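# Breakdown of the fold
Single-letter residue listing:
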Amino acid sequence: MFPALDINVQSDLPIYRQVFKQLKDSISSGKLPKGTRLPATRELAGLLGLNRTTISAAYELLESEGLISGQVGRGSFVLGAPARELHRIDWNSMLTPGQAVPGASRATISFAASRPSELLFPMEAFRRSCEEVIEGPEIASILQLGSPGGYEPLRQYLMAEARRQGAMRPGDDLIVTSGCQQALALLQRVLAPIVDAVAIEDPVYPGVKNLFSTAGARILGVRMGQEGIDIDDCERILEREHPKALVVTPNFQNPTGVTLPLASREALVRMTRSAGVVLIENDTYGDLRYEGARIPSIKELDGSEDTILLRSFSKVAFPGLRVGWAIGPRAVIARMVEAKQLTDLHSDQLSQAVLLRFAESGRLEEHRQKSLKSGAEKLKATLAACERFLPQGTAFTRPQGGMNLWVRLPEPLDAAELLPRAQREGVTYLPGRYFTVSRPDPGGLRLSFAGLAPEQIQKGISILGELFSAELERMRSAASLDPAPAMV
């Protein structure tokens, strides 16, 4: 049955196009199936009270799009519904560019990854911890869906340890997360409605910088000095730019390795409380102090309880298990739990239960002591090799712990330009451009030493030293050959 056509003479669309569109829609929907004979132009014009030329114009459009075919002496017939045009999604143009830091290359000696050596992992102790959890009476409930706030026995253990250190007050709560990075991401989501600008260290671990920048926050880089974040520069930025949050890594900061002294920590508490700024303390490396006395965390020093402390097992135990936690005001932690539930619904209780057993059994502390001894040897080897092999004029930090130190090559050397040549020699590192926020540092680079043996460290830095020294000599020789400007 031929469909009724609804013609609106008041419409801005010409009548012949109205006829064309309605017939096209009928063909596309199957109301006019393939092989259907359309009324002759004179016949349809009479039915609709229109001019025959109007119908002819509509039929011509239908034929031009391959929807009907006119046959002399027989009329016009429907050829079938048009093939649907498939539109491929252009993912590259749709998605914003990524900001990931390159992974480890195939270099024999890699200073690029800030992580512990697999050779130090206490596999037998870890297996015993796994067996004890799996064979224990709670294994069935552990394998059930877990609270987004974390495995409750681990939460209680961590809160007891935090109270012992003075890092948890009556108004605080704790959430277990998939490492410090997830804790930061949850905080960013919770604070997004109020945080339009955030102050961070410069240089800083890319995971901090990229997280807030991709979320659209205005990033304010605070200069780093030999003793951590520059307090004077930080105060100027807080007064001039009015950020709503400040993220600091007080212990063995990544990438510089420097540690914030007690007086500076106390100053940060005073100035952030005075300015009403959310202070986020990212203490990823605090358990890896090789020498010197422990300095209280900023959270311990903040009598207002407002500092949010992030910690993790990743650097001191097994990075692959991804277990970290955040301590902060109860209202903040509650919102973080809600945000976490939106992303992964439930916690991985098995890995958290295994780490709890690993800690409660004393095996974690035993492993930490061995890691401290090994880390001290590696740091000593790194500092000695830098002293011996890097070209004169090179500056580098002297950490008392952690996994990284910062090197600044003499001008005009550019660490990023030299990286491909170093990789061809079997050595890799991360140049400063991955860590800088607002202050370009072409000569800067990070050396991460924890994953290497002392002899690898010495060999790798000797190769870098030879390469850097040769390039520096070449550039200085070239500069000395430049003609002096003519005197006119």
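Residues numbered from 1 in each chain as written. Predicted model: local features only at pLDDT ≥ 70, side-chain atom pairs only at ≥ 80, totals over all residues. Heavy atoms only, no water.

Attention shifts here to the overall build of the protein. Along its length, the protein carries 17 helices and 17 strands. Relative to the compact-globule value of 23 Å for 488 residues, the protein shows a C-alpha radius of gyration of 33 Å, a clear excess of over 25%. Taking the principal axes of its C-alpha atoms as reference, the protein extends roughly 100 × 85 × 50 Å. In the protein, which comprises 488 residues, the proportion classed as buried is 49%. Restricting to contacts in the protein with at least 6 residues of sequence separation, those with at least 24 account for 72%. Looking at the protein as shown, the accessible area adds up to about 24,800 Å², and 52% of this sits on carbon and sulfur atoms. (Helix = DSSP H or I, 4+ residues; strand = E, 2+ residues; numbered from the N terminus. Rg over C-alpha atoms; globule rule 2.2 N^0.38 Å. Buried < 20%, exposed > 50% of the residue type's maximum accessible area, 1.4 Å probe, protein only. Contact = heavy atoms within 4.5 Å. Areas by Shrake-Rupley, 256 points an atom, 1.4 Å probe, with all protein chains shown as cover.)

What follows is about the sheet that holds strand 13 (residues 395-396). Strand order across the open sheet formed by 4 strands is 13-14-17-16, with antiparallel pairing between neighbours. Either end of the sheet is taken by a strand with one partner, and the two such strands are strand 13 and strand 16 (430-431). (Pairing = 2+ DSSP bridges.)

Let's shift gears to the packing of aromatic side chains. The description of two aromatic rings rests on the distance between their centres and on the angle between their planes. Scanning the entire structure with this criterion turns up 6 aromatic pairs. Judged by centre distance (5.0 Å) and plane angle (55°), the rings of Phe313 and Trp325 are tilted. Of this pair, Phe313 sits in the loop between strand 11 (308-312) and strand 12 (324-329) while Trp325 sits in strand 12, placing them 12 residues apart in sequence. For Phe313, a relative accessible area of 5% corresponds to the buried category. Here Trp325 falls in the buried class, since its relative accessible area comes to 7%. Between Trp406 and Phe435, the aromatic rings sit 5.8 Å apart at their centres with planes inclined by 90°, giving edge-to-face as the arrangement. With Trp406 in strand 14 (residues 404-408) and Phe435 in the loop between strand 16 and strand 17 (444-448), this residue pair connects regions lying 29 residues apart in the sequence. Note on accessibility: Trp406 and Phe435 belong to one class, buried. (Phe/Tyr/Trp six-rings, centres within 6.5 Å; stacked < 30°, edge-to-face > 60°.)

We now examine the sheet that holds strand 1 (residues 37-38). Spatial strand order, 1-3-2: 3 strands in an open sheet with antiparallel pairing. For this open sheet the edge positions go to strand 1 and strand 2 (68-71), each flanked by a neighbour on one side alone. Bridge count between strand 1 and strand 3 (residues 75-78): 2 bridges; the pairing is antiparallel. Within the sheet, the bridge partner assigned to Leu38 lies in strand 3 and is Ser76. Relative to the sheet, helix 3 (residues 52-64) contacts strand 1, strand 2 and strand 3, its axis offset from that of strand 2 by approximately 115°. (Axes fitted to C-alpha atoms, helices over the stretch in contact; angles between N-to-C directions.)

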